[in-house]
Each structure stands twice: as C-alpha cells, then as structure tokens.
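Understanding the architecture of this molecule
In case you want the letters, here they are:
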Amino acid sequence: QGMQTAFGASDQNTDAPIEVVADSLEVNDTANTAVFVGNVEIVQDKMRMTAPRVEVTYREDDASTPEIEEGIAKVYATGGVTMTSGGDAAEGETAEYNVDSDYVLLSGNVLLTQGRNVLSGNEAKINLADNTAQMTGRVRTIINPGSKK
Amino acid sequence: QATQTEDAPVYLIADQVFLDGEDLLVASGHVEARQGERRLIAEKITYDQTSDTLTIEGSIRLEDGSNTVVLADSAELSDDMREGILRGARLILEYQLQMAAVEMQRTGARYQQLSKVAVTSCHVCDDGKPPLWQIRARRVIHDQETRNIYFEGAQLRVLDVPVFYLPKMRLPDPTVKRARGFLIPEIVSSSTLGTGIRTPYFLPIGDHADLTVSPLLSAETKTVELRYRQAFYNGDIEINAAGSQDTLRQDVGRSYVFADGKFQLPEKFRLQFDIETTSDSTYLQDYDYSSKDRLDSALLLTRDTRTSSFGLGGTFFETLRSSEENDTQASRVGEARYELRMTPQAIGGEARLGFLMHEHVRDSRTDIVGRDVQRVASSFDWRRSWIVGNGFDFQLLGGATTGYFDLDDDSTLRERTDYTIPYASATLRWPLEAVGAQGGTHLLEPVIQLAWSKDDTTDIPNDESTDVEFDSGNLFSLSRFPAPDQTEDGLRANIGLGWTRWGADGSYSHLSLGRVIRAEKDNRFSGSSGLAGLESDWLFETQIGQVEGPMLTARSLLDDHLRLAKVEAQLGWEFNRGTLDATYLWLDKDTQEDRDSEVSEWTLGANYQFAEFWTGAVEWRYDLVDDYTSKAGLGLRYENECVKVDLSASRRFTSSDNLDPSTTVGLTVSLSGFSAGRSSGAVRQTCKT
Amino acid sequence: CGLKPSLAPGGAAQSLFGRLRAREPKTRTDYLFVRRFEERIGLTTTGDLELDYTLDIERKAMGITSDQTTSRYMLAGKATYSVRRTGSDGALAHGTVTAFTGYSATGSTVATQAAQTDAMERLMTQLADLTVARLTAEATRLK
C-alpha cells in the first residue's frame, strides 16, 4: 500500500518555475501585477491549477539582491479554482498561492479529495512542501475505509 | 449484518480537520462520526489510516444502533469502532442497566469486557450518594451474541454496604425475553409450612413452550412446583402441578395437577379442556394453590354465531368438602345443547328452536341418594314485538317444550316420564324519557307481563333446581328454575318499574322494583328465594355512582313488612392511584337451599399508591354471623426504576378437621435491569439538585 | 318534568329501533348478550350502526363458611361497548356498564352447575338491558 501522501505528490518541487497559460493577458508594470483571463492554467512541477481569472504578482526587482532573478511572489485565482497534485484534487471559489511560504489558501465551498477520503469545508490551507492540509469551518469528511482487512 | 456496515464509509463532521502527511487525519471541535448505525461523538478524533485506528479524546459517546450506549473519557478504537479500549467507560444497556468501569475493552462485534466495574440500574446522581444497589465486580464480560453478562468477583452492595459475594455469576441482559436460568427467589413463611425459600428455574423449550421448575424447601416440606406452557398456532395449554413430602401428612406423598387449554378449530368451533385433580382434600389449601372446594375437570366443544349456539361436553366433579361424599354427589355429567334463531319472513318476529340432552350419574347405588338422571328436551317458540299506540312496546310470545325424564336408583319414578309444556306471555313495555333541569337524561320504564304455562308433571324430583334466584335478569323470564327438571306453572303477572338518571356531570343512578303475582301458590319455591306465596317479595335493585367512576350496585328482596329477606351489594372503584372492590352479602337461613345458618359477610379488596414508590394493598373478609375475620391480608410494594420489593402477609382463620388456620408471609426482592427481574418502566428517582 | 314516550315518533328509543347491528358472537356469553340485545333493540341485517362489545366476567367466592367451604358465588360482569357508523371507524358513542348476579353453591354439584349457567344467562340479560338503556340515553349522539 504505497506511500499515500496527505495531499499532493510527496516530491513536489516548490522551487520549480511557475508556468502560466491563458487566453489573454493584461500586464500592469507599475503594480508589478499581471491578470490572466480565460481558461487560465498554472503549472508548477506536479501541481496544476486552473481558474477563469488569475492575478499574478511579480517580485520586486531588488537592486541589492541581483542574484534573485525576477519571479512570481503570489498567485491569486478567483471564479472557481480547481487544483490537482499527485492524484489528489481540491477546489474552491478562490485560491491564493503564496510561493515563498509554500501555502495555498483555498476558500469558499472547498472540496478536497485525499486518497479515498473526501473533505468539504469553508477553508483549506494546503502546505505543498510538507504535504499537509488544514481545513476549517464545519468540515464534513467521508472516509472510505479501503479493502484493508 | 456486520460485514455490510464494515465497508460503509465513515461520515465525519468537525469544526476543524487537519491532514498530516503520514495519513493522519485529525478532526477536532464537536466531532461527530457515523458509520452504518454506529454514531460517535467526541471532542477530538485522530484517524490513522495506515493502522486504521481512531484515537479519541474528550467526553466520548458511542451508540451502535441497538439500545446500547457507551460513554468514555478517552479511547483507542479500530476504524469500524468495534475493537479497542475505552478508559473511564460507562456502558448503558437498554437505557436502563449502567456499567461504570475504569477500562472497557471491545473485541470483535461480540464481547465487551470491563474491569473494576460497578453495575446498577438505579438512577445515579452526581452528589456522590451511592445508588440503592449496585454490583461491584473485578471483571464483567458482556457477550452481545448470547446476551449474557458474566461477573467475576461480584459483590452486591445495598447503599454501599456489601451484602452478598459470588465468585462467578451469570445474568441475562435486559434485551433477553426468554433466558434459561434462575428467576427471583421468594422467601415464604407460613404457620403450616414453616419458613422456606422458593427458587424458580425457567427453561424455554423451543420458541413456543417453556417449563418453570420451582423447588420449595422448608423445615416442614420438600416440594417441587412445575408450570408448563405451550402455545400452538390455534391455541395454548398450561399445566400447573406440584408434588410434596411434608410433615402435615407424613405417610403419603401429596400432589395436585391443574391443566387447561383452549383451541380455535375451523368453522368457528372452539375446543376447551381443563383437568383438576389433587391427592387429598386440604393439599390445595395448605399450600395456597387454590381455594376451590370442588374440582371440575371438563372437555367442551362449542360453536357460537349470531343465529346459533352449540355445545357438547362432559364434566367430572370431585368434591373436597368435608361435609360431602363423592359417591353421593353427581360426579359425571354429559350434556349436548343446540339453539337456532330464525326470522320467519311471513309472520315476522323471531322463532327459536332448541335441543337439550343431559345425563348425570352418582356412583352410589342407594335409593334417592344415588339418583342418576337422563333427560332430553326440545323447545320451539316464537315472539314478536309491535310498537303500538303512543310508544308502547307490545310483545307476544308462544311456544312449547317437550321431552322426557328417566331416573335410575330413585324409587319415586318407576319409569320414564314424558312431558309437554306449552307456555305463552304478553308483555307491555312503555319507556318514557325526559331531559332533566341540569341537562341530565331520565328514563322511566314500566313493564307489565302476563305469563301462562301448563306443567302437569308432578313426580320429577328436584335434583338440579334447588337454588332459584330472583333478579332483574329473570323478572320477565318464563321459568326461573335453572334446570328443566322443574318449570313454572299456572297464570302469573310479572310487573316491573325501572327509573334511570344520567347526570350531565357523569353521575348515574338507577332504581328498579319488581314483583310476581300468581293465580295459585307454588310451594316449590324456597322461602329465601323470595318467589314463594301468591305475591313474591319485592325485588329491589339500585345502582348509584359515576358512569366512569365509583359504582355501588345493590339488590335485595323486601317482604310485605318491608323486612329484608336477602341482600347482595358490590362497590367497584378504579382510580389512577389504585382500585377498591367491596362486597356485602346477607342470606337468611333456609333448609330448602341446604343453608342451615344465616350467611352475612363483608369483603374488601383495595390497593393504593400512597407515595411515589410505595403501593399498599389490603384484603379482608369478615363474617358478621360468627363475628370473626375469616381472612385478612396486607401487601406492601416498593418499586422504582431499579428494584421491586414485595412484602405480603395474610392470615386465614377458617379450619376444619384436617385444615388448620394459617398465616403466610412472603418476600420477593427483584433487581430490575436484568431480564429475570424486569421493571415495568416504573417511576424514576430524580436527583435532589 | 316533561316525560314523553321514548318509542313514540321522535323518541330516543324509536330513533334507534332496528338500526343497531351487534358484532358476530364468538363465545356463549357473546351469544347470550347479542340474543337479548337484538330482542330489545330490534333484529336487523341492514342497520347503519355497528355495536362492538367486550364482556369481562369475574367469579368471586363468597359466603366462606368456618370450615372453608364456599357457599355463594358472585358473577361480576362488565360490558365495554362502542358504536360506529357502518363503514367508518370513528366511535360515535362508547362506554362501560356493570352488573352482577349471585348463585348459591350449597346444593349438589349439578345443582350448582345449573345455578351457575342460569346466573351467567341472567347476567348477560342485565348487561344487554343496561347497554340498551345507555344507548337510548345517548341516542342524540347516534342520529
């Protein structure tokens, strides 16, 4: 019975580059943000997120730390987000991925399938690095005992 | 059924759920988990999916569909909640029997093992006061399959005082209806049998029969009592018997058997039988099995519909009275009867056709005293009512009965006597109604009947009609003799007046008077029957009380000087806290009715719940002629949700040559919550907060 | 106080005559009760009212002599009745009537047996008459 992780692939590389694909893009240089609209798809290593609208915030170019090259600091997806990672899936109305803290915060009718179990609640805080998830608000869980015995 | 729910998903609801990498799911905050019929409530549940265990904390409550509830402080259970350990556990069976234990282990769906246990069905208050009774045990195993509770090192404590110790004990749990085993023992002490203990043992036999064996051992007697019951598809039988070796009759074993049964046969036939026999005349009385002084064993086949009634049967009598001998008493009686009711269209009214065949035999061959009787009779009559004039109910009745009498061992009647008796009557009834001032309803009903019959038979001895009664049940019947060996004769008028008032407040009162006026005297009627002479005594009947409450019913005969000749009265009252039933009887001396002294007697039976858990009962029979109590009894019951204590004491003062007066005291203590001593959902104690 | 004939037109007993049909008897006591009931309230097969009844009879030993012989018995009877319209099951009227009869047990065994059978028949006559009287008094409810 394989190493079933709490959520997402265990070997997720949270430092891998984030690739974003969308129908259209608006860039706002001054605020360092970009808004992708229409079938937006965000991929980072084994984690994949889709949503109708995603607002990406880029990291400030910091002259004093030239070695950190330009990158995404925060991804904020709205309008119904689905997220899959290593066979587990989660969905919610909005999702905020803070890349540095490795946390994805899903909120609004969150539904999370983890292995054989299905959880639903108001909010889920998923840590992609250590594969944990914390759900809050009257959480309903359906645990399907596998054919273990 | 277990397998089906085993794979059922577990539904979990909680304020927070935390998923940890190693398949750990931690639910906390008002957690409720459901699987199939099992339901678990706790503060925190940690579900480890690799080892499939639940670690549970905080005021746990586990219900598993049957009426079993488990409470605990913490627990480690398998994910199907069937296996594991609960700490600070309380197991409650049928919401009645509570087992509090330091630790409880569930193994498979079957066993629940508790250690350092206190078992009680009493309401336990948190004020630290001990329950009325509890059983403390080192270990208790509840087998949910055989539904037995096994105790190890069991100690019964009453108000925390150790009373009784048993290394091993087995008791059926409350869900068991028919478990093999000991029922509640009864301590019995009587002046004739000494002090003893009756320990009934119940043995179910299949699904439809059971046997209860109750040995009764005391200084004076070694007795075994048996009760066998069996239910069939269309009937049931019950046999009660006992055998004794006692000091009252050293030389011989004593016994009795009472069996009865009834069966519903096709085509509306019913078969009933009862057998009553005993070894000696005072055995039933000595052991208080029955107060019957004449035993009758009978087999009876009957069929009854709206328009017909059929009966065929035989009875065997055995007298236990010291004043009677069996061979001069009719011991074997056979009877066949049939009656058909018809409604002839042409002439209207109702026609009745009847047949009656009867035979009774006395073993003795001596003349008169050993008389045997065979009689056959058939009867046909027709009656019709008309409403005439201003609300008069006029009824005409005419008919005849014909048959024959044949006697053996009786020289007064050489050979068979045939007879034909025509009879007729005309009855006028005029019911009047009125609505009283306060909305009450009145009914006044005068009735006058002219009756005639012609009975020429004079030589048939009165063998079965020695006791003639006179009441509103036969004021207007054509022959008040109970058996056809005598029939009323000649012209007579039966008059009656009845008045009844129903109050709007539910009060009820009834008064009726009746009298028989004859053209010629009939000296076959005894003095105390009230029917002797040209004018009978006045029949006086009254009923006073509440329609749904206490009711006094009384009947008496007043002679012309308005002197009472006979009085019978009964008071019945059922109220929410108990019942009262009293009777009074006064009969004058009358040798024609074999009553050589006056009879005057009060009886009183009452039970009353005088306090929340206490019910008292009293029984009293007082003989006013000899001015002594013939029987008195007291009963006291304490019953709450977990114990029933019955204390009874009674004394019988009557005696005969081999029957002495006796006092009997009985005590039973039954702990409710085990199927042997079930509490009837009695009043539950409440905690004094 | 305004007595008027109950069997005259408009009277309570008249309004019941020939309308009540008693339940089919199952036992001898049922038979005796129904026979008397139908004699008093009119035999009918097309009545629009149905009477259901339960008869409880208790035999009490009385007149216990000093040598513990039972010289008298009392048959205490109770008839519990309910009336409903044929086809519907709401009870229009219901109640209980009680009566008792007595018989002596000082005669021979067959005399006592005959006395008991006669006492049972008289008791059923009384219970049927009391039921008819009670229904007449409640006739307004059985319109």
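Residues numbered from 1 in each chain as written. Chains lettered and ligands numbered in written order. Predicted model: local features only at pLDDT ≥ 70, side-chain atom pairs only at ≥ 80, totals over all residues. Heavy atoms only, no water.

Digging into the overall build of chain B
In terms of helices and strands, chain B carries 2 helices and 40 strands. Here the C-alpha atoms of chain B give a radius of gyration of 35 Å, more than 25% beyond the 26 Å that 2.2 N^0.38 yields for 689 residues. Taken along the three principal axes of its C-alpha coordinates, chain B extends 115 × 70 × 50 Å. For chain B, the proportion of its 689 residues judged to be buried stands at 47%. Across chain B, every contact between residues at least 6 apart in sequence was considered, and the portion connecting residues at least 24 apart equals 44%. For chain B, the accessible area works out to roughly 32,100 Å², and carbon and sulfur atoms hold 58% of it. Charged side chains of chain B number 72 positive and 108 negative; the gap between the two group centres comes to 2 Å. (Helix = DSSP H or I, 4+ residues; strand = E, 2+ residues; numbered from the N terminus. Rg over C-alpha atoms; globule rule 2.2 N^0.38 Å. Buried < 20%, exposed > 50% of the residue type's maximum accessible area, 1.4 Å probe, protein only. Contact = heavy atoms within 4.5 Å. Areas by Shrake-Rupley, 256 points an atom, 1.4 Å probe, with all protein chains shown as cover. Lys, Arg positive; Asp, Glu negative; His and termini not counted. Charge placed at Lys NZ, Arg CZ, Asp CG, Glu CD.)

Regarding the packing of aromatic side chains
Applying the stated criterion across every chain yields a total of 23 aromatic pairs over all chains. Look at Y287 of chain B and Y289 of chain B: their rings are 5.6 Å apart centre to centre, the planes differ by 15°, and that puts the pair in the stacked class. Y287 of chain B sits in the buried class, given a relative accessible area of 6%. Through pairs of rings, three or more aromatic residues link up here, namely Y256, F258, Y283, Y287 and Y289 of chain B. Taking the ring centre of Y76 of chain A as reference, the NZ or CZ of K74 of chain A above it sits at 6.0 Å. Here the basic side chain of K125 of chain A rests over the ring of Y103 of chain A, its NZ or CZ set 4.7 Å away from the ring centre. (Phe/Tyr/Trp six-rings, centres within 6.5 Å; stacked < 30°, edge-to-face > 60°. Lys NZ or Arg CZ within 6 Å of the ring centre and 35° of its normal.)

Considering the confidence of the model for chain A
All names here are of chain A. When pLDDT is averaged along chain A, the result is 79; 83% of the residues meet or exceed 70. Element-level mean pLDDT values for chain A span from 81 in strand β2 (residues 24-28) up to 91 in strand β8 (residues 94-98). Scored below 50 in pLDDT, residues 1-5 shows 10 contacts in the model against residues more than four places distant or in partner chains. (pLDDT = per-residue confidence, 0-100.)

Concerning the packing of helix α2 (residues 28-41) of chain C against helix α3 (residues 109-137) of chain C
Residue and element names in this part refer to chain C. At a closest axis distance of 8 Å, the pairing of α2 and α3 adopts a crossing angle of 45°. With respect to each other, α2 and α3 are oriented oblique. Taken as a pair, α2 and α3 cross one another with a handedness that is right-handed. Contact with α2, carried on its side by T29, L32, F33, R35, R36, F37, R40 and I41, involves M120, E121, M124, T125, L127, A128, D129, T131, V132 and L135 of α3 and no other residues of that element. (Axes fitted to C-alpha atoms, helices over the stretch in contact; angles between N-to-C directions. Parallel < 35°, antiparallel > 145°, perpendicular 65-115°, else oblique. Left-handed = near helix turned anticlockwise from the far one by under 90°.)

Points about the nonpolar core
Ranked by size, the top nonpolar core spans 79 residues in total, and within it M99 and F151 of chain B carry the most contacts. Excluding residues that lie within four positions of it along the chain, F151 of chain B makes contacts with V119, I135, A137, R139, V140, P167, K168, M169, L171 and F674 of chain B. Counting 42 residues, the second largest nonpolar core, distinct from the first, contains F37, L51, L123 and A128 of chain C. (Core = buried A, V, L, I, M, F, W, Y, C linked by side-chain atoms within 4.5 Å.)

Quick look at the interface of chain B and chain C
Tallying the contact residues gives 88 residues for chain B and 74 residues for chain C. A combined buried area of about 6,600 Å² lies between chain B and chain C, and 50% of that area is made up of carbon and sulfur atoms. On the surface where chain B and chain C come into contact, there are 14 salt bridges. One salt bridge in this structure joins R306 of chain B and E24 of chain C, with 3.7 Å as the shortest N-O distance. At the surface where chain B touches chain C, the tally comes to 39 residue pairs in polar contact (both at pLDDT 80 or more). Broken down by element, the side of chain B that touches chain C gets its largest block of residues, 5 residues, from strand β34 (residues 564-575) of chain B. A breakdown of the residues in the side of chain B that touches chain C according to their chemical character gives 24 nonpolar, 26 polar and 38 charged. Note that strand β28 (residues 432-435) of chain B and strand β1 (residues 4-5) of chain C share 2 bridges and pair antiparallel. Residue pairing across strands places E433 of chain B opposite K4 of chain C, the latter belonging to β1 of chain C. (Buried area = accessible area lost by both parts, 1.4 Å probe. Salt bridge = Lys/Arg side-chain N within 4 Å of Asp/Glu carboxyl O. Polar contact = N/O pair within 3.5 Å; in protein donor to acceptor, adjacent residues only side chain to side chain. Nonpolar A, V, L, I, M, F, W, Y, C, P; charged D, E, K, R; others polar. Pairing = 2+ DSSP bridges.)

Observations regarding the state of the cysteines
Residue and element names in this part refer to chain B. As enumerated under the stated definition, the model contains 1 disulfide over all chains in all. What pairs with C122 in a disulfide is C642, and their sulfur atoms sit 2.0 Å apart. Across the S-S bond of C122 and C642 the torsion is about 85°, and the bridge reads as right-handed. With C122 in the loop between β8 (111-120) and β9 (133-143) and C642 in the loop between β38 (628-639) and β39 (643-652), this residue pair connects regions lying 520 residues apart in the sequence. (Disulfide = S-S within 2.5 Å.)

Some details on the interface of chain A and chain B
Listed by partner, the interface residues are 25 residues for chain A and 26 residues for chain B. Of the roughly 2,300 Å² buried between chain A and chain B on both sides combined, carbon and sulfur atoms contribute 50%. At the surface where chain A touches chain B, the tally comes to 1 salt bridge. A salt bridge links R138 of chain A to D15 of chain B; the shortest N-O distance between them is 2.6 Å. For the pair chain A and chain B, the interface holds 8 residue pairs in polar contact (both at pLDDT 80 or more). Among the secondary structure elements, those contributing two or more residues to the side of chain A that touches chain B are β9 (103-114), β10 (117-127) and β11 (132-143) of chain A. Per element, the largest residue contribution to the side of chain A that touches chain B is 12 residues, and it comes from β11 of chain A. In terms of residue class, the side of chain A that touches chain B is built from 9 nonpolar, 11 polar and 5 charged. Judged from the 9 bridges that link them, β11 of chain A and strand β1 (residues 10-20) of chain B form a sheet pairing that is antiparallel. Residue pairing across strands places T141 of chain A opposite L12 of chain B, the latter belonging to β1 of chain B.

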